[in-house]
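Examining the three-dimensional arrangement
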Amino acid sequence: MWLKVACILAALSFATIDARSARTKRSLIKIFRWRDCGSDPDRPLTVSSFSMAPMPMMVPGNVTISFSGGSNRDMGNGKLKLTIIRQGWMPIYIPCVENIGSCEYADSCQLLQAMKGWGPQAECIAHQISQIIESAGANSRQALCKFKRGYAHSGYRTLYLPPLPNLPGMSLVMEANYQIRVQMTEHVTNAEIGCIDMNMSVRPIHGRGNECPVNRENRHRKYPH
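An account of the accompanying structure is given in this report. (Residues numbered from 1 in each chain as written. Predicted model: local features only at pLDDT ≥ 70, side-chain atom pairs only at ≥ 80, totals over all residues. Heavy atoms only, no water.)

1. Here we look at the pairing of strand E5 (residues 78–86)
Heads up, the rule is: Here, any two strands with at least 2 DSSP bridges between them count as paired. Note on conventions: DSSP H or I runs of at least 4 residues are helices, E runs of at least 2 residues are strands, and numbering of each starts at the N terminus.
Bridge count between E5 and strand E10 (residues 176–186): nine bridges; the pairing is antiparallel. Residue pairing across strands places lysine 79 opposite threonine 185, the latter belonging to E10. Where E5 lies against strand E7 (residues 104–105), two bridges are found, and the strand directions are antiparallel. By the bridge assignment for E7, leucine 80 is matched with tyrosine 105. In this structure, E5 lies alongside strand E6 (residues 92–93), joined through two bridges in antiparallel fashion. Counterpart to isoleucine 85 in the pairing with E6 is tyrosine 93.

2. Description of the side chain of glutamate 192
The test is simple: Buried means the residue's accessible area, taken with a 1.4 Å probe over protein chains only, is under 20% of the maximum for its type, while exposed means over 50%, and partly exposed covers the values in between. Note on charges: Lys and Arg go in the positive column, Asp and Glu in the negative column, and His and the chain ends are not counted at all. Should a side-chain nitrogen of Lys or Arg be within 4 Å of a carboxyl oxygen of Asp or Glu, the pair is scored as a salt bridge. Counted as a polar contact is a pair of N or O atoms within 3.5 Å, where, for protein atoms, one must be capable of donating a hydrogen and the other of accepting one, and residues adjacent in sequence contribute only when both atoms are in side chains. Contact between two residues is taken to exist if any of their heavy atoms lie within 4.5 Å; hydrogens are not considered.
Structurally, glutamate 192 is set in strand E11 (residues 192–204). Look at glutamate 192: it is buried, it has no salt bridge, and the nearest opposite charge is arginine 43 at 4.6 Å. Here the side chain of glutamate 192 touches serine 39 through a polar contact of 3.0 Å, landing on its backbone nitrogen. Here aspartate 40 takes part through its backbone nitrogen, which lies 2.8 Å from a polar atom of the side chain of glutamate 192. Here glutamate 192 is in contact with Cys37, Gly38, Ser39, Asp40, Arg43, Pro44, Met184 and Thr185, once residues within four sequence places are set aside.

3. Here's the deal with the state of the cysteines
Linking two cysteines covalently through their sulfur atoms gives a disulfide. The condition is simple: Sulfur atoms of two cysteines make up a disulfide when they are within 2.5 Å.
Counted by the stated rule, this structure contains three disulfides. Disulfide partner of cysteine 124: cysteine 212, at an S-S distance of 1.9 Å. Between cysteine 124 and cysteine 212, the disulfide has an S-S torsion of 100 degrees and is therefore right-handed. With cysteine 124 in helix H4 (residues 120–135) and cysteine 212 in the segment after E11, this pair connects stretches of sequence that are 88 residues apart. When its relative accessible area of 0% is taken as the criterion, cysteine 124 is described as buried.

4. Observations regarding the packing of aromatic side chains
Rule in force here: Pairing of aromatic rings covers Phe, Tyr and Trp, the last through its six-membered ring, and needs centres within 6.5 Å; plane angles under 30 degrees mean stacked, over 60 mean edge-to-face, and all others mean tilted.
Inspection of every chain in the model, using the stated rule, returns four aromatic pairs. Taken together, a centroid distance of 5.1 Å and an interplanar angle of 80 degrees make the contact between phenylalanine 32 and phenylalanine 50 edge-to-face. Residue phenylalanine 32 is found in the loop between helix H2 (19–23) and strand E1 (33–36), and its partner phenylalanine 50 is found in strand E2 (residues 45–53); the two are separated by 18 residues along the sequence. Measuring from centroid to centroid gives 5.5 Å for tyrosine 105 and tryptophan 118, while their planes differ by 20 degrees, and the two rings are stacked. You can see tyrosine 105 sitting in strand E7 and its partner tryptophan 118 sitting in the loop between helix H3 (111–115) and H4, a full 13 residues away along the chain. When its relative accessible area of 14% is taken as the criterion, tyrosine 105 is described as buried. Put simply, the rings of Phe32, Trp34, Phe50 and Phe67 touch in pairs and so form one group of aromatic residues.

5. Remarks on the side chain of serine 201
On the secondary structure map, serine 201 appears in strand E11. Within the local environment of serine 201, its side chain forms a polar contact with the backbone oxygen of isoleucine 29, the two atoms lying 2.8 Å apart. In contact with serine 201, not counting residues within four places along its chain, are Leu28, Ile29, Met55, Pro56, Met57, Ala176 and Asn177.

6. Some points on the pattern of salt bridges
Counted by the stated rule, this structure contains five salt bridges. A salt bridge links arginine 181 to aspartate 197; the nearest nitrogen and oxygen atoms lie 2.6 Å apart. On the criterion of sequence distance, the pair formed by arginine 181 in strand E10 and aspartate 197 in strand E11 is long-range, its members being 16 residues apart. The class of arginine 181 is partly exposed, set by a relative accessible area of 27%.

As structure tokens, then:
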């Protein structure tokens, strides 16, 4: 999977990176920025605060996330659409390859479970998200299926980002600023549930990284890079 992703990213970015820029360190953003991009005034889900640090995100490494928002009514699972743009003097749309990139996910209810089959890096992140949800007293299998009316605050939560696969040019291609939009719509009506825009940066670093902090029974499992 990652070989396909690397080949497509390399092909898309080759024309935008000259020899001079490749030898100099990119200007990566140092402050995470976000905005609620919902356009429907009657949408049920709104975001009131969102933070992510450090920036740029070091991969492998830890990122601390805090999120708060609310829903004005109960609702079921929906459809998720992810749009990723690699920023630069020529913005590059990152296509969907093997469920990674600018993808649409038909069932938010099954998303975390599905991620565990997308490869070890995605599985590592999915396990951690599940543990965060369960530590808050919710069922991770139902958290993306049923949204209750009310306000929620995540507190500060830490996610470990596992190493990227050790493929030629992967670090060069992935080190960049990114604009990401996450949209959620209802299954039947396609009505907007919520939307959030994010601007962030990624800086891959050398090294094997740490063990992925998955469930206790998998604690001795190493995730390849």
